[in-house]
Amino acid sequence: MSNAISQVRREIKHTGSMKAKIAILLYRLATLYRSRNPFYKLLGIPFVILNKLINECLFCVELPWQTRIGYGLKLYHPHCIVLNRGTVIGENCILRQGATIGSLTDSEGREGASPVIGNNVEFGAHVVVIGPVTLGDNVKIGAGTVVTKDLAAGQVVVGQPFRVLSSHREMQE
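This report concerns the structure included in the present document. Values in this document were obtained by computation on a predicted structure and should not be read as measured data. (Residues numbered from 1 in each chain as written. Predicted model: local features only at pLDDT ≥ 70, side-chain atom pairs only at ≥ 80, totals over all residues. Heavy atoms only, no water.)

### Concerning the pattern of salt bridges
Proximity of charged atoms lets side chains of opposite charge pair with each other.
And step 1. What the rule picks out here adds up to 7 salt bridges.
And step 2. R28 is the salt-bridge partner of E11, the closest N and O atoms lying 2.8 Å from each other. A residue pair is termed long-range when its members are at least 10 positions apart, and E11 in helix 1 (residues 2-13) and R28 in helix 2 (residues 18-30) qualify at 17 residues. Judged on exposure class, the residue E11 and its partner R28 are both buried.
And step 3. The salt bridge involving E122 is made with K140; its shortest N-O contact spans 3.2 Å. On the criterion of sequence distance, the pair formed by E122 in strand 9 (residues 122-123) and K140 in strand 12 (residues 140-141) is long-range, its members being 18 residues apart.
And step 4. Given the relative accessible area of 21%, E122 is considered partly exposed.
And step 5. Through salt bridges with shared partners, a single ionic network connects R96, E122 and K140. (Salt bridge = Lys/Arg side-chain N within 4 Å of Asp/Glu carboxyl O. Helix = DSSP H or I, 4+ residues; strand = E, 2+ residues; numbered from the N terminus. Buried < 20%, exposed > 50% of the residue type's maximum accessible area, 1.4 Å probe, protein only.)

Dropping the structure here:
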């Protein structure tokens with residue numbers, strides 16, 4: 001538990017604005033509700049409510065407590081960010097304003113799978129990643145890009161429909 005506290009402290013210290021710090025802190029405290037420990041679960045209830053009220057209603061940042069996000073999350077200009085509760089995000093992810101990461105719903109109202117995102121992934125402003133896609137580690141997605149297909153580790157993509165500019169390996173060579 002002390003390791004988790006120090007990681008959250010470091011995460012909050014290295015993110016941008018006060019709004020981003022509050023959003024991440026409320027999300028992390030709300031995740032206590034996922035605990036198997038009854039005391040932590042009970043402790044998490046008010047933060048689930050505060051996460052909903054402050055992050056979603058006031059800040060327009062949807063970080064559901066069910067979403068799995070690795071430590072090191074950074075929110076730049078946190079507004080209109082929407083994450084689906086089934087989304088899994090690795091460590092050291094950067095999200096900018098207008099980012100939407102979610103699932104598809106079929107014609108009968110059934111929700112499909114959500115994206116799985118690797119470590120060190122960076123999202124530009126107004127990026128949409130939707131459906132059962134996997135993004136590898138070190139992917140960079142340019143502003144306004146819509147991603148509906150898997151991306152390999154290290155790829156840099158832009159546009160709509162998106163095109164691959166380069167991969168991390170090409171940039172190192």
